[in-house]
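Summary of structural features
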2 protein chains.
Amino acid sequence: MTAHRIGIVGYGNLGRGVELAVSLQEDMELVGVFTRRDPATVTTVHEYTPVRAIDELESMTGEIDVLVLCGGSKSDLPEQTPQLAARFTVVDSFDTHARIPEHFAAVDAAAREAGTTALISTGWDPGLFSINRLFGESILASGETYTFWGRGLSQGHSDAVRRVDGVAAAVQYTIPSEDAIARVRAGEQPELSTREKHVRECYVVLEEGADADAVREAIVTMPHYFEPYDTTVHFLTAEELARDHQGMPHGGFVIRSGESSPGTTQTIEYRLQEESNPEFTASVLVAYARAAARLAAAGEHGARTPFDVAPGLLSPKSPEQLRAELL
Amino acid sequence: MTAHRIGIVGYGNLGRGVELAVSLQEDMELVGVFTRRDPATVTTVHEYTPVRAIDELESMTGEIDVLVLCGGSKSDLPEQTPQLAARFTVVDSFDTHARIPEHFAAVDAAAREAGTTALISTGWDPGLFSINRLFGESILASGETYTFWGRGLSQGHSDAVRRVDGVAAAVQYTIPSEDAIARVRAGEQPELSTREKHVRECYVVLEEGADADAVREAIVTMPHYFEPYDTTVHFLTAEELARDHQGMPHGGFVIRSGESSPGTTQTIEYRLQEESNPEFTASVLVAYARAAARLAAAGEHGARTPFDVAPGLLSPKSPEQLRAELL
């Protein structure tokens, strides 16, 4: 088995997850973490992981098979993915849905000119959820597709709660509405807005002397953020918050409900429960890094998305093994 | 949009399902049903569907893009798929897991020699479930994969119940154990045998004068079939059986439970709820027929399985549309 030589660009929660995920893949070795920070200030999970300045990549084209890009979608990836695709085969998890076409075009041009392969938007949404939306509507041509997000930590909504007078600390979870899911699973094909599909749950540490009822009222009536939703507020101590709410869980459901003939309902449901969103996203990125290496080796140059990747390319097993063991 | 011209070979429950599924796909037209029976004796769902003798296929190579093979895996497909792949692009739902490698080899040889494309084992298990087993272990390299079947009608077990003295009519459903699913979802990664993962439910119409308790006892203690399982027996009238148990439901779960780092559990769950197993399987076959036509047009000849098919090939939408709308 040839080992795929992987480089990580950017070392936040996602880069850390990629370091962990690569260590679980038997056919991969980690060449190093490449950072814009001073490498001496970066502490990796494994002591043996080399940390280098991003500029060192310039001289390493022959030493790395795939770069896993772990920057943010807002400003890092729109620059980095085309730039690095000009010299390396790359994967990213670009997740600004509305800007995927322009990101694809920029990356495709760079990768085609360089003769590299660039696999973009390979996390779970976009990524695995997208694949399941596609399978759902392709198989059950007559029907509706529903995406529910959560139970997941929402950074923007957590910040909104923290700005309420009397709140010392807080986190907010977005949770799929059980009632909405039950209706979809039952084949009702209801029309549901985002707010009907989700409820919100807040865990709040009060400042000393703050009035719990007033805080609760300020939260649940906050326009846009909470007022349109069914919102629950729990109060807890700073110790409890630190103990029970430090994870970054996320996940959700993609459900396709359709009829194969009048009155015959068919339901396809895909569900993710992630105890750590960045570690899960990283695990997906790393499986797609394997696919990217294979596409590059097969001369498939240019930008690709998860829609273009045959499932078998994600597995370390041979096609014969896959047919015998998993089909 | 070019219409894919589809032929159906064999017209039982599955062929009927394919006829229905093709009618829901805007980019497909049905050339006809091809049968070994006297065409005059075959009644299709739609009056306008042409029914022809299977021998007529010989002269129709240029008129059909893809043949959807709807025979059984025991004796029909091992002969028909290689035979027809010698002249047509074909898809089948060959589902004898243990014999997939030899079926693949026979079909591959025929298709390569003829310059056709043959997509085998494209139902839901093998098929969609297989893809999810592959995704699960590729993404969460450290973990366990669980397949649960049901709630589904089991023909063999229904027959076994019908042979019990005092039983006039019966059906049996295999049902995933809720307890087992809960343990897997909780990240326990339990070791579970097939019998621990499933319970059995029987719906029995008694013969006149039969002793319900004796019948129940005979069923739940039946070696191999029911004794090892948690089995429930319900008695009902012939009218209730006819009214409530004529469907052919099936489905199940594929769950991958893994750890991305010590103590951090990630769960991927795929679930199918089919009110009609043959209609659902047919819907999958038809989506893969589209992929087969595209692979054939691209010169990808030989046998393929769902592991070799990029998701985008299943959709009538263009790659640009898919990236903009579904990614």
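Look up a bit, the structure's there.
These numbers come from a predicted model, not from an experiment. (Residues numbered from 1 in each chain as written. Chains lettered and ligands numbered in written order. Predicted model: local features only at pLDDT ≥ 70, side-chain atom pairs only at ≥ 80, totals over all residues. Heavy atoms only, no water.)

1. Observations regarding the relation of the copies chain A and chain B
Short version of the rule: C-alpha atoms of residues with pLDDT of at least 70 in both copies form the basis for the least-squares superposition of the copies. In this description, contact between two residues means that some pair of their heavy atoms is separated by no more than 4.5 Å.
The two copies are related by a screw motion: chain A maps onto chain B through a turn of 180° and a shift of 0.0 Å along the axis, at an RMSD of 0.0 Å. Between the two chains, the operation in question is that of a two-fold axis. Among all C-alpha atoms of chain A, that of Ala310 of chain A lies closest to the rotation axis, at 1.9 Å. Comparing interface residues between copies, 100% of those in chain A also lie at the interface in chain B; the contact surface is shared.

2. Regarding the interface of chain A and chain B
Rule in force here: When two components associate, each loses some accessible surface as probed by a 1.4 Å sphere; the sum of these losses over both components is called the buried area. For this document, the term salt bridge refers to a Lys or Arg side-chain nitrogen within 4 Å of an Asp or Glu carboxyl oxygen. Pairs of N or O atoms are called polar contacts if they sit within 3.5 Å, as long as, within protein, a hydrogen donor faces a hydrogen acceptor (for residues adjacent in sequence, only side-chain-to-side-chain pairs). For the purposes of this entry, the term helix denotes a DSSP run of H or I that reaches at least four residues, the term strand denotes a run of E that reaches at least two, and both are numbered from the N terminus.
The interface is formed by 65 residues belonging to chain A together with 65 residues belonging to chain B. Interface area, chain A with chain B, both sides summed: about 5,700 Å², of which 61% is carbon and sulfur. Looking only at chain A, the three residues that lose the most surface to chain B are Phe307, Arg323 and Leu327 of chain A, adding up to 14% of its buried area. For the pair chain A and chain B, the interface holds two salt bridges. Notably, a salt bridge pairs Glu137 of chain A with Lys317 of chain B, separated by 2.9 Å at the nearest N-O pair. Across the chain A-chain B interface, the total number found is 28 residue pairs in polar contact (both at pLDDT 80 or more). Sort the elements by how many residues they give to the side of chain A that touches chain B and strand 13 (residues 264-274) of chain A lands first, with eleven residues.

3. Structural notes on the layout of surface pockets
So the rule is basically this: Using protein atoms alone on a 1 Å grid, points that fit a 1.4 Å probe yet trap it form a cavity, whereas open point sets bounded by protein on both sides within 12 Å along at least five of seven lines form a pocket; residues with an atom within 4 Å of a point count as lining. Grid points are joined across faces, edges and corners, and a volume is the space filled by probe spheres set on the points. Just so you know the grouping, Ala, Val, Leu, Ile, Met, Phe, Trp, Tyr, Cys and Pro go in nonpolar, Asp, Glu, Lys and Arg go in charged, and all remaining residues, Gly too, go in polar.
The space that makes up the largest pocket amounts to roughly 980 Å³. If you trace the largest pocket, you find 41 residues lining it, with Glu300, Asp308 and Ala310 of chain A together with Asp308 and Ala310 of chain B closest to the centre. Secondary-structure elements contributing two or more residues to the lining of the largest pocket are helix 3 (100-114), helix 10 (277-297), strand 14 (302-304) and helix 11 (319-325) of chain A together with helix 3 (100-114), helix 10 (277-297), strand 14 (302-304) and helix 11 (319-325) of chain B. In terms of residue class, the lining of the largest pocket is built from 20 nonpolar, six polar and 15 charged.

4. A word on the sheet that holds strand 12 (residues 250-261) of chain B
Quick note on the threshold: For two strands to pair, DSSP has to find at least two bridges joining them. Angles here are taken between N-to-C directions and fall from 0 to 180 degrees, while the axes themselves are lines fitted to C-alpha atoms, restricted in helices to the stretch in contact.
Taking strand neighbours across the sheet as the criterion, the six strands line up as 7(A)-12(A)-13(A)-13(B)-12(B)-7(B) in an open arrangement whose pairing is antiparallel. Whereas interior strands pair on both sides, the edge strands pair on one side only; in this sheet they are strand 7 (143-149) of chain A together with strand 7 (143-149) of chain B. On average, adjacent strands in this sheet sit at an angle of 10° to one another, irrespective of strand direction. When strand 12 of chain B meets strand 13 (residues 264-274) of chain B, the two strands line up antiparallel, connected through eleven bridges. Counterpart to Val254 of chain B in the pairing with strand 13 of chain B is Tyr270 of chain B. Each of strand 12 (250-261) and strand 13 of chain A together with strand 12 and strand 13 of chain B touches helix 10 of chain A; the most contacted strand, strand 13 of chain B, lies at about 70° to it.

5. A word on the sheet that holds strand 6 (residues 117-119) of chain B
Residues and elements named next belong to chain B. Strand order across the open sheet formed by seven strands is 3-2-1-4-5-6-14, with parallel pairing between neighbours. Of all strands in the sheet, those with a lone pairing partner are strand 3 (51-53) and strand 14, marking the two edges. Bridging between strand 5 (residues 90-91) and strand 6 involves two bridges; their strand directions are parallel. Bridge pairing links Val90 to Ala118 in strand 6. The strands touched by helix 10 are strand 1 (4-9), strand 2 (28-35), strand 4 (66-69), strand 5, strand 6 and strand 14; relative to strand 6, the strand with the most contacts, the crossing angle is about 155°.

6. Comments concerning empty space enclosed by the protein
Over the atoms a probe the size of a water molecule is rolled, and this reveals where empty space is left. Under the defined criterion, the tally for this structure stands at four cavities of 30 Å³ or more. Roughly 100 Å³ of internal volume is contained in the largest cavity. Lining the largest cavity we find Leu128, Ile131, Asn132, Phe135 and Tyr270 of chain A together with Leu128, Ile131, Asn132, Phe135 and Tyr270 of chain B. At the level of secondary structure, the elements contributing two or more residues to the lining of the largest cavity comprise helix 4 (128-139) of chain A together with helix 4 (128-139) of chain B.

7. A look at unusual backbone geometry
Cis geometry marks the peptide bond from Asp125 of chain B to Pro126 of chain B; its omega dihedral reads 5°. Considering the arrangement of structural elements, one finds Pro126 of chain B in the loop between strand 6 and helix 4. Of note, the bond from Gly150 of chain B into Arg151 of chain B is cis; its omega dihedral lies within 30 degrees of zero at 0°. For Arg151 of chain B, the position within the fold is in the loop between strand 7 and strand 8 (152-153). For Gln189 of chain A, which is not a glycine, the phi torsion comes out positive at approximately 50°. Even without being a glycine, Ser121 of chain B presents a positive backbone phi close to 55°. Relative to the helices and strands, Ser121 of chain B is located in the loop between strand 6 and helix 4.

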